[in-house]
There are 2 protein chains.
Amino acid sequence: MSSPSSPSRGRPARLDRTRTLQTALDLLNQSGLDALTMRRLADAMGVQAGALYRYFATKQELLTAMAERMMEGAAEAATGASAGYTWQQQLTALARAARNALLTHRDGARVFAGTHATGASVLGFADAFVGVLREAGFPDDDAARTLYSVINFTVGHTLEEQAALQLESGRTEGADTGGGRPEGADTGGGRPEGAVPEGAGALRDAVTTGTYPHLAATLPALTSTDFTALFEFGLDLIVEGLRARRARAAATG
Amino acid sequence: MSSPSSPSRGRPARLDRTRTLQTALDLLNQSGLDALTMRRLADAMGVQAGALYRYFATKQELLTAMAERMMEGAAEAATGASAGYTWQQQLTALARAARNALLTHRDGARVFAGTHATGASVLGFADAFVGVLREAGFPDDDAARTLYSVINFTVGHTLEEQAALQLESGRTEGADTGGGRPEGADTGGGRPEGAVPEGAGALRDAVTTGTYPHLAATLPALTSTDFTALFEFGLDLIVEGLRARRARAAATG
DNA sequence: ACCTGAACACCGTTCAAGT
DNA sequence: ACCTGAACACCGTTCAAGT
């Protein structure tokens, strides 16, 4: 029990797990995951990089703790006032809470996807989610698999959403010093001479350049930036799929 | 047109886009994404690291080309013989082909998720996918959104699947030299003294330690390693959701 | 034209030594 | 007990210089 967390005798200790975690989350929000290095985090805490390893054995362990904290309160936020909600409404609320938790932190989905947090926040959320389905009468297997379906969809979606956010902003660093870059390394697509597009514009360009009739016809929806509507659409598909499965089971059983 | 790809006069050139790409994919399969560095790739090609930058302006561009190549043939693999399939069957085949394409390469999902490939493989796949839905009579918006739902679910799922594979193997490097590691940095959970579990065992441990009634009741399904069944479950949910949406639209319209 | 050599500005992690 | 200093073994990327 004489871990670094417990305040023994001696100097008051500039570091501890909680303060390090909070500073890491702040740094993440300010600068993004790529800029969150152990050295920069140490700097922000006025300490040498090596000192962090007394509280987190590896960077991976720190990231896992961050993922865990991101999910804090997600289950509660979705539970709302109390009862009177259908299982569809409860499931939808939980999924939205998960997406919101990831969106609340810059690169939240990347942090979550890169870790395997199994703390109280994540498991509490999972237990609430599975509980809704079990109490609605779904078989245990279906309940567990639905949890993964919704989580995987949510993480995949938010990964995309946050990647798109990063591209549409943050195009203003290292603003091309004008140094003669070797002319090679082209994609070979015969681009109009300008810069290589990267965001939604890249998709629009590529679609209109090539011959993709169906993509061309759906370009507006394909390049839409209404990620909330996109998330709701997929979520609704899953929930409706569950309802259909339930109706079928009721008819058969 | 005098790009490095076109063989002009001079020495035969040990490098080119295609050979570099192939070697990178081989190295990925052998060693994983974390070991795929520009320096190691250069080593594998018998060249200095800087030489690679004549063919790929950045590592990100190389990774995008890799993602693009992973998806090569996915649309065709799903199209199968010819017609006679329902839109549900065609959609399911396309989604399976996407997962298989990612699974075929080590860390394939991580590579794909970290890039924004908009080449012929990816767009051909997307066009085929959207085409199935449009020809089945779905509105353009629904077709485009369904594409994203399925892709995001598939990427999220395969990310998890490949992460789980990595954990259950590969526990045999840097086999603890016995050096006195500082004793701190514990999670504070009072673990039984052994090593920190990381795979499916970590989840099982955490669930049985805490008080999560619903997770405890569904533990077998929760810790199952049948990822194909898990993928099929989620995919079926989405497809059934689409069918329900279609039936509703037909009744209303 | 294509590649080498060498540098620049970083990384995560370890660990003896100080206080 | 807690942190510093300094190192180890790496990174991605740039670019003058050689051939």
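Nothing here was measured: the structure is a model prediction, and the numbers come from that model.

## Examining the overall build of chain A
Here comes step 1: Helix and strand content of chain A: twelve helices and zero strands.
Here comes step 2: Along chain A, from the amino end to the carboxyl end, the secondary structure elements read α-α-α-α-α-α-α-α-α-α-α-α.
Here comes step 3: Of all intrachain contacts in chain A linking residues separated by at least 6 positions in sequence, the fraction that spans at least 24 positions is 75%.
Here comes step 4: Summing over all exposed atoms, chain A offers an accessible surface of approximately 13,300 Å²; the carbon and sulfur share of this is 51%.

## Considering the interface of chain B and chain A
Here comes step 1: Of the residues lining the interface, 69 residues belong to chain B; the matching set on chain A comes to 69 residues.
Here comes step 2: Around 5,800 Å² of area is buried between chain B and chain A when both sides are counted, 64% of it from carbon and sulfur atoms.
Here comes step 3: On the surface where chain B and chain A come into contact, there are four salt bridges.
Here comes step 4: Here R245 of chain B and D236 of chain A are joined by a salt bridge, their closest N and O atoms 3.0 Å apart.
Here comes step 5: Put simply, chain B and chain A have twelve residue pairs in polar contact (both at pLDDT 80 or more) between them.
Here comes step 6: Secondary-structure elements contributing two or more residues to the side of chain B that touches chain A are α7 (120-135), α8 (140-168), α9 (200-209), α10 (213-217), α11 (219-222) and α12 (227-252) of chain B.
Here comes step 7: Considering only residue class, the side of chain B that touches chain A consists of 36 nonpolar, 16 polar and 17 charged.

## Observations concerning the packing of aromatic side chains
Here comes step 1: Scanning the entire structure with this criterion turns up six aromatic pairs over all chains.
Here comes step 2: Between the aromatic rings of F153 of chain A and F231 of chain A, the centroid separation amounts to 5.5 Å while the plane-to-plane angle is 10°, which identifies the pairing as stacked. Of the two residues, F153 of chain A is situated in helix α8 (residues 140-168) and F231 of chain A in helix α12 (residues 227-252); the sequence distance between them amounts to 78 residues.
Here comes step 3: For F231 of chain A, a relative accessible area of 0% puts it in the buried group.
Here comes step 4: For the ring pair W87 of chain B and F138 of chain B, a centre distance of 5.1 Å and an interplane angle of 80° mean the geometry is edge-to-face. Of this pair, W87 of chain B sits in helix α5 (residues 87-104) while F138 of chain B sits in the loop between α7 and α8, placing them 51 residues apart in sequence. Considered together, W87 of chain B and F138 of chain B belong to a single accessibility category, that of buried residues.

## Section: the protein's contact with DNA strand D
Here comes step 1: Neighbouring DNA strand D are 20 residues, the closest being R14, Q48 and R54 of chain A together with R39 and Y53 of chain B.
Here comes step 2: Sugar plus phosphate: this is where 58% of the atoms of DNA strand D within 4 Å of the protein reside.
Here comes step 3: Between DNA strand D and L15 of chain A, the relevant distance is 3.2 Å, taken from a phosphate oxygen to a main-chain nitrogen or oxygen of the residue.
Here comes step 4: With three residues, the top contributor of residues to the surface near DNA strand D is helix α2 (residues 38-44) of chain B.
Here comes step 5: Of the residues in the surface near DNA strand D, the class split is nine nonpolar, four polar and seven charged.

## Re the nonpolar core
Here comes step 1: By size, the foremost hydrophobic cluster in this structure holds 147 residues, and its most contacted members are M66 and W87 of chain A together with M66 and W87 of chain B.
Here comes step 2: Those residues in contact with W87 of chain B that sit more than four places away from it in its chain are V132, L133, A136, F138, V239, L242, R243 and R246 of chain B.

## Structural notes on the layout of surface pockets
By rolling a water-sized probe across the atoms, one finds the places where empty space is left.
Here comes step 1: Of the pockets and cavities examined, the second largest pocket occupies roughly 980 Å³.
Here comes step 2: Of all the elements in the fold, those that place two or more residues in the lining of the second largest pocket are α6 (108-113), α7 (120-135) and α8 of chain A together with α8, α9, α11 and α12 of chain B.
Here comes step 3: Of the residues contributing to the lining of the second largest pocket, the split by class is 23 nonpolar, eleven polar and seven charged.

## Topic: the confidence of the model for chain A
Here comes step 1: Of all residues in chain A, 84% have pLDDT values of 70 or greater, and the mean over the chain is 87.
Here comes step 2: A low-confidence stretch, residues 172-194 of chain A (pLDDT under 50), is modelled with 15 contacts involving residues beyond four sequence positions or located in other chains.

## Notes on the protein's contact with DNA strand C
Here comes step 1: Close contacts around DNA strand C come from 20 residues, with R39 and K59 of chain A together with R14, Q48 and R54 of chain B the closest.
Here comes step 2: Near-protein atoms of DNA strand C (within 4 Å) split between backbone and bases, with sugar and phosphate holding 58%.
Here comes step 3: Here M38 of chain A contributes a backbone N or O atom positioned 2.9 Å from a phosphate oxygen of DNA strand C.
Here comes step 4: In this structure, R54 of chain B approaches DNA strand C through a side-chain N or O atom, which is 2.7 Å from a base nitrogen.
Here comes step 5: Each residue belonging to the surface near DNA strand C can be placed in one class, and the counts come to nine nonpolar, four polar and seven charged.

## Here we look at the side chain of Q162 of chain B
Residues and elements named next belong to chain B.
Here comes step 1: Inspection of the secondary structure assignment puts Q162 in helix α8.
Here comes step 2: Overall, the relative accessible area of 8% leaves Q162 in the buried class.
Here comes step 3: There is a polar contact of 3.2 Å between the side chain of Q162 and the backbone nitrogen of G108.
Here comes step 4: With residues near it in sequence (within four places) discarded, Q162 still touches L102, L103, H105, R106, D107, G108, A109 and R110.

## Some points on the packing of α12 of chain A against α12 of chain B
Here comes step 1: Their axes nearest at 6 Å, the elements α12 of chain A and α12 of chain B cross at an angle of 90°. Our classification of the angle between α12 of chain A and α12 of chain B gives roughly perpendicular. Of the residues in α12 of chain B, those in contact with F233, D236, L237, I238, E240, G241, L242, A244, R245 and R248 of chain A of α12 of chain A are F233, D236, L237, I238, E240, G241, L242, A244, R245 and R248 of chain B.

## What about the side chain of E240 of chain A?
Here comes step 1: Structurally, E240 of chain A can be placed in helix α12.
Here comes step 2: Not counting residues up to four positions away in its chain, the partners in contact with E240 of chain A are G241, A244 and R248 of chain B.

## Some thoughts on α7 of chain B
A turn of α-helix holds 3.6 residues, and therefore any two residues three or four places apart point the same way.
Here comes step 1: Taking 1.5 Å per residue, 16 residues should reach 22 Å; α7 of chain B reaches 21 Å between its end C-alpha atoms and fits that length.
Here comes step 2: Listed in full, the buried residues belonging to α7 of chain B are S121, V122, L123, F125, A126, D127, F129, V130, G131, V132 and L133 of chain B.

## So, the relation of the copies chain B and chain A
Here comes step 1: For the pair chain B and chain A, the superposition axis carries a translation of 0.0 Å, the fit reaches an RMSD of 0.0 Å, and the rotation angle comes to 180°. Such a combination of turn and shift is consistent with a two-fold rotation axis.
Here comes step 2: When the interface residues of chain B are mapped onto chain A, 100% of them are again interface residues, pointing to one common binding face.

## A word on the packing of α8 of chain B against α12 of chain B
All names here are of chain B.
Here comes step 1: Two numbers describe how α8 lies on α12: the axes approach to 10 Å, and their chain directions differ by 165°. Between α8 and α12, the angle is such that the two are roughly antiparallel. Here the hand of the crossing between α8 and α12 comes out right-handed. Only F227, L230, F231, G234, L235, I238, L242 and R245 of α12 make contact with α8, whose side of the interface consists of D142, T146, S149, V150, F153, T154, H157, E161 and A164.
Here comes step 2: Looking at the contact of α8 with α12 residue by residue, the classes come out as nine nonpolar, five polar and three charged.

Procedures and definitions
Throughout this document, residue positions are counted from 1 along each chain, in the order its sequence is written. Chain letters start at A and ligand numbers start at 1, both assigned in the order the entries are written. For a predicted model such as this one, the threshold for reporting local features is a pLDDT of at least 70, and the threshold for listing and counting side-chain atom pairs is 80 or more; totals across whole chains, interfaces and linings nevertheless cover every residue. Hydrogens and water molecules were not included; the side-chain quantities draw on all heavy atoms of the structure. Strands here mean DSSP runs of E at least two residues long; helices mean DSSP runs of H or I at least four residues long; both are numbered from the N terminus. Any two residues whose heavy atoms approach within 4.5 Å at even a single point are treated as in contact. Surface accessibility in these figures is a Shrake-Rupley result with a 1.4 Å probe; residues are shielded only by whichever protein chains are displayed. As used here, buried area is the combined drop in accessible area, with a 1.4 Å probe, of two parts when they are placed together. By definition here, a salt bridge exists when the distance from a side-chain nitrogen of Lys or Arg to a carboxyl oxygen of Asp or Glu is within 4 Å. We define a polar contact as two N or O atoms separated by no more than 3.5 Å, with the added condition that, inside protein, one atom must be a possible hydrogen donor and the other a possible acceptor, whereas residues neighbouring each other in sequence contribute only through side-chain atom pairs. Lys, Arg, Asp and Glu make up the charged group, whereas Ala, Val, Leu, Ile, Met, Phe, Trp, Tyr, Cys and Pro make up the nonpolar group; the residues left over, Gly among them, are polar. Note on ring pairs: Phe, Tyr and Trp rings are taken, using the six-membered ring of Trp, and paired if centres are within 6.5 Å. Classes follow the plane angle, with under 30 degrees stacked, over 60 edge-to-face and the rest tilted. Only protein chains enter the accessibility calculation, which uses a 1.4 Å probe. A residue is then buried if its area is under 20% of the maximum for its type, exposed if over 50%, and partly exposed in between. Nearness here has a simple test: a residue counts as near a molecule or strand if at least one of its heavy atoms is within 4 Å of that partner. Residues enter a nonpolar core if they are buried and are Ala, Val, Leu, Ile, Met, Phe, Trp, Tyr or Cys, with the set joined through side-chain atoms within 4.5 Å. A pocket here means an open set of points on a 1 Å grid, computed over the protein atoms alone, that has protein on both sides within 12 Å along at least five of seven lines. A cavity is instead a set of points where a 1.4 Å probe fits but cannot get out; residues with an atom within 4 Å of a point line either one. Grid points are joined across faces, edges and corners, and a volume is the space filled by probe spheres set on the points. Per residue, pLDDT captures the predictor's confidence, and it can take any value from 0 to 100. The axes used here are C-alpha line fits, helices contributing only the stretch in contact, and every angle between their N-to-C directions lies in the interval 0 to 180 degrees. Under this scheme an angle from 65 to 115 degrees is roughly perpendicular, one under 35 degrees roughly parallel, and one over 145 degrees roughly antiparallel; angles in between are oblique. Multiplying 1.5 Å by the helix residue count minus one yields the expected span of that helix. Only residues with pLDDT of at least 70 in both copies contribute their C-alpha atoms to the least-squares superposition of the copies. Helix crossings fall into two classes, left-handed where the near helix is turned counterclockwise from the far one by less than a right angle and right-handed where it is turned clockwise.

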